[in-house]
Amino acid sequence: MSKLFRATVTAHLDVNTGFRLLTLQPNCLVAVPDPGQFYMLQAGATHDPLLKRPFSYFRAENGTISFLYRIRGKGTRAIAALREGETISLIGPLGNTYPMPSGEFIAVAGGIGIASLFSLLGAADGRAVLFWGGRTANELLMPEAVKALVGSAVITTDDGTAGRKSLITEPLKEYLALNAHLPVYTCGSAPMMRAVANACAEVGTRCFVSLEAYMACGVGACLGCVVKIMDADYPEGKYRSVCKDGPVFNASTVVWESRR
Ligand code: FES
């Protein structure tokens, strides 16, 4: 059950340039999140709802919740300024979860998209084959912790500073050609997820995407985060909120052009 609560910063570390790891200790009893869920963090001291920012949770352990994030814009700069011992208000856990795969599966992360997939990898006991791409090595965060959770990992960067110099979809397509039975879970930029969804559709395997969207309320009230979904039940399409009906969707139902 999600709720509004306050939490104390117990650690706030630089990870790579422009990325930080925030660890919070809730000041009350709260629900344990499931892989794929997120929280709305209040950025700044005022209660301006426009200063709430959605963050996938990265890890929940020993009663703490941590968030791996990129510093980009006013909201995340305010959060990046939080120091140990300070408190912050947040709402969560919010949204749906990744459907837990029963066997081996493929995870495809684009850079900071690993923040959403990390908890799924952790719950899957090494059953994931990870494809992880970034523009540069700087976008591949906490690689040792990530690799420890997966059966194997394929790394790519656009500039060749880590792994193979290519888009992540190149080795993914090669792997899917031989492993089209494996379901795919992906989080990253919209163009990357769309390319992953297309690659999965070509070989006929299931693909689950965790969508990002601009969010003001996080609870389905403002309709600021809608995406068009089209499936057998709604052949004409239907708008669903990323915050309440998602963020995880079956990729084959997402009308990518409808995303704001
Ligand atoms: Fe308000 Fe999703 S953020 S409906």
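Residues numbered from 1 in each chain as written. Predicted model: local features only at pLDDT ≥ 70, side-chain atom pairs only at ≥ 80, totals over all residues. Heavy atoms only, no water.

Student: Before we move on, could you go through the packing of helix H4 (residues 169–178) against helix H5 (residues 190–203) and cite the residues and values that matter?
Tutor: The interhelical angle for the contact between H4 and H5, taken along N-to-C directions, is 15 degrees, at an axis separation of 10 Å. With respect to H5, the element H4 is oriented roughly parallel. H4 and H5 meet at a crossing whose hand is right-handed. Where H4 abuts H5, its residues Thr169, Leu172, Lys173 and Leu176 lie against Ala195, Val196, Ala199, Cys200 and Val203. Per-class residue counts for the contact of H4 with H5 are seven nonpolar, one polar and one charged. (Axes fitted to C-alpha atoms, helices over the stretch in contact; angles between N-to-C directions. Helix = DSSP H or I, 4+ residues; strand = E, 2+ residues; numbered from the N terminus. Parallel < 35°, antiparallel > 145°, perpendicular 65-115°, else oblique. Left-handed = near helix turned anticlockwise from the far one by under 90°. Contact = heavy atoms within 4.5 Å. Nonpolar A, V, L, I, M, F, W, Y, C, P; charged D, E, K, R; others polar.)

Student: Got a sec to walk through the nonpolar core? Specific residues and values, please.
Tutor: Counting residues in hydrophobic clusters, the biggest one holds 32 residues, and the most contacted among them are Val108, Val209 and Leu211. In terms of residue count, H5 provides more of this core than any other element does, six residues in total. If you look at the next biggest cluster of nonpolar residues, it comprises 30 residues, including Ala107, Ile112, Phe118 and Trp132. (Core = buried A, V, L, I, M, F, W, Y, C linked by side-chain atoms within 4.5 Å. Buried < 20%, exposed > 50% of the residue type's maximum accessible area, 1.4 Å probe, protein only.)

Student: Can you tell me about the sheet that holds strand S15 (residues 238–241), naming the residues and giving the values?
Tutor: Taken together, the three strands give an open sheet; going across it, the order is S15-S14-S17, and neighbouring strands pair in antiparallel fashion. Each edge of the open sheet carries a strand with a single partner, namely S15 and strand S17 (254–255). Across two bridges, strand S14 (residues 226–229) lies against S17 in antiparallel orientation. Note that in S17 the partner of Lys228 across the bridge is Val255. (Pairing = 2+ DSSP bridges.)

Student: How would you summarise unusual backbone geometry if you had to cite specific residues and measurements?
Tutor: Backbone phi values are negative for most residues with the exception of glycine, while trans is the configuration of most peptide bonds. With an omega of -5 degrees, the peptide bond running from Gly92 to Pro93 counts as cis. Here Pro93 shows up in strand S7 (residues 87–94). Cis geometry marks the peptide bond from Gly246 to Pro247, where omega comes out at 15 degrees. In this fold, Pro247 is placed in the loop between S15 and strand S16 (248–250).

Student: Got a sec to walk through the sheet that holds strand S13 (residues 207–210)? Specific residues and values, please.
Tutor: Pairing is mixed across the open sheet formed by seven strands, whose spatial order is S11-S10-S9-S8-S12-S13-S16. Each edge of the open sheet carries a strand with a single partner, namely strand S11 (164–165) and S16. Taken together, the six bridges between strand S8 (residues 105–110) and strand S9 (residues 128–134) define a ladder with parallel strand orientation. Bridge pairing links Phe105 to Ala128 in S9. Running over the sheet, helix H2 (residues 114–123) touches S8, S9, strand S12 (184–187) and S13 and is turned about 155 degrees from S8.

Student: Hey, could you go over the pairing of S7 for me, with residue numbers and the actual values?
Tutor: Across the eight residues of S7, seven count as buried, placing the element largely inside the fold. Sheet topology note: the strand S1 (residues 3–14)/S7 ladder contains six bridges and is antiparallel. Directly across from Phe5, in S7, lies its bridge partner Leu90. Looking at chain direction, strand S3 (residues 38–42) and S7 are connected through three bridges and run antiparallel. Across the sheet, the residue bridging to Met40 is Ile91, located in S7.

Student: Describe the environment of Ser252, and please don't skip the residues or the numbers.
Tutor: Locating Ser252 in the fold gives a position in the loop between S16 and S17. For Ser252, a relative accessible area of 62% translates into the label exposed. Sequence separation between Ser252 and Met230 is 22 residues; the distance between their C-alpha atoms is 8.3 Å. A polar atom in the side chain of Ser252 sits 2.9 Å from the side chain of Asn250. (Polar contact = N/O pair within 3.5 Å; in protein donor to acceptor, adjacent residues only side chain to side chain.)

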